[in-house]
Amino acid sequence: MGTPSDALEVLAENYEFIESIGPCLGFRRAASVLKSLPAPLRNINDIEGLPCLGPETKAVIQDIFECGSSSKVEEVLTDERYRTLKIFTSVFGVGPKTAEKWYRRGLRSLEQIVSDSSIHLNKMQIAGFQYYEDISKPVSKAEAEAVGHIIKEIAGCFSPDVTMTLTGGFRRGKEFGHDVDFLLTVPRPGKEDGLLPAVIDQLRIQGLLLYSDFQESTFDLSRLPNRRFEAMDHFQKCFLIVKLKKEQVVGQQAEQRCGRDWKAVRVDLVAPPAERYAFALLGWSGSTQFERDLRRYSRLERNMLLDNHALFDKTTCFFCNKVIHQRRIPMARCDSTASAMLTANQD
DNA sequence: CGGCATACG
DNA sequence: CGTAT
DNA sequence: GCCG
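Residues numbered from 1 in each chain as written. Chains lettered and ligands numbered in written order. Predicted model: local features only at pLDDT ≥ 70, side-chain atom pairs only at ≥ 80, totals over all residues. Heavy atoms only, no water.

Chain A is annotated in an unreviewed UniProt entry as DNA-directed DNA polymerase X domain-containing protein of Ameiurus melas. On record in UniProt, under Cofactor (unreviewed entry), the comment for chain A is "Mg(2+)". Here chain A is described in UniProt, under the heading Sequence similarities (unreviewed entry), as follows: "Belongs to the DNA polymerase type-X family." (UniProt positions renumbered as here; feature names shortened; annotations may be inferred.)

**Focus on helix α10 (residues 141-158)**
Spanning 18 residues, α10 covers 25 Å between terminal C-alpha atoms, matching the ideal 26 Å at 1.5 Å per step. Of the residues making up α10, those classed as buried are E143, A144, A146, V147, G148, I150, I151, I154 and A155. (Helix = DSSP H or I, 4+ residues; strand = E, 2+ residues; numbered from the N terminus. Expected span 1.5 Å × (residues − 1). Buried < 20%, exposed > 50% of the residue type's maximum accessible area, 1.4 Å probe, protein only.)

**With respect to the protein's contact with DNA strand D**
Lining the immediate environment of DNA strand D, one finds 13 residues, of which G22, F27, C52, G54 and T57 sit closest. Near-protein atoms of DNA strand D (within 4 Å) split between backbone and bases, with sugar and phosphate holding 58%. One of the side-chain nitrogen or oxygen atoms of R29 is found 3.5 Å away from a base nitrogen of DNA strand D. One of the backbone nitrogen or oxygen atoms of C52 is found 2.5 Å away from a phosphate oxygen of DNA strand D. For the surface near DNA strand D, the elements supplying multiple residues, two or more each, are α2 (21-35) and α3 (55-67). Broken down by element, the surface near DNA strand D gets its largest block of residues, 5 residues, from α2. (Near = heavy atom within 4 Å. Polar contact = N/O pair within 3.5 Å; in protein donor to acceptor, adjacent residues only side chain to side chain.)

Following this line, the structure appears as structure tokens:
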């Protein structure tokens with residue numbers, strides 16, 4: 001805390017809580033711009049020429065340089081509503097609407113929520129409270145890799161030629177995350193359909209599955225503007241909570257004296273068809289703000305529509321996946337390719 | 001002054 | 001409404 | 001809140 005980008009994130013979150021999406025996005029973009037800088041700001045003059053930093057964000061940054069903090073930000077941090085919604089939304093399965101509902105009922109702590117018999121939690125929220133302590137803790141890279149070994153072992157039984165890629169924040173080089181994201185794919189088209197159900201089943205059999213939300217996704221190209229590409233495809237994903245044994249984490253030993261020898265970890269698995277791998281990887285590598293900006297750029301500046309499955313050119317009415325195949329770009333390079341497609345000159 | 005990413009359960 | 005990036 |  002205390003950095004300009006953290007301060008701007010606080011303001012963004014506060015605007016999110018009061019459902020003011022415009023200012024929320026304004027502050028989020030400003031925070032992202034600061035985080036993208038090669039070196040921290042030295043003084044207020046350093047923001048000259050940077051995009052998305054207007055008078056309001058400039059005043060906040062200036063206050064931090066001059067006083068060590070911004071009064072507006074400090075005010076938000078002490079605000080009862082902000083503090084309460086921040087706690088409520090920290091529970092898996094609880095978003096701004098539910099948090100707001102609880103706040104309006106006069107509830108102020110998680111203890112009050114769980115002991116209130118008139119509140120009916122859904123399945124996701126029950127898991128969120130049940131494993132709250134564990135899944136609130138940061139996940140280390142070593143823990144992410146340990147989860148990876150478990151999943152890879154199981155997926156390899158289903159299909160020995162499965163490839164698995166760590167995505168999300170860890171793929172962007174972060175040392176810690178709030179969950180672990182993997183992309184899994186098998187070469188043979190259609191075979192990926194059975195992959196996640198098999199992995200989930202095996203986790204359950206091994207007693208490692210604490211929570212599972214499986215999404216059978218239908219990839220319907222007909223919904224995009226060009227009807228010629230009508231096709232159904234599958235793009236499965238699941239949101240899990242798994243039991244990670246401490247002994248499975250490299251450089252960590254189980255605590256002998258007391259308590260459990262495991263930790264609950266949030267894990268997301270995504271299984272696109274191999275053909276869609278590049279777009280899935282681009283979409284699951286994040287960050288949230290980068291994905292938003294890429295899609296906004298695609299649409300507003302390039303007249304294209306981007307999602308996790310495809311890039312559609314509204315001018316030519318063609319999907320750009322064909323480009324990848326014609327150029328025979330190796331799968332390992334598809335991530336930079338998909339990204340480059342957005343920035344490179346048209347050819 | 002309008003728009004702000006996009007998908008699925 | 002919630003989840004994900 | 002910032003931008004086109």
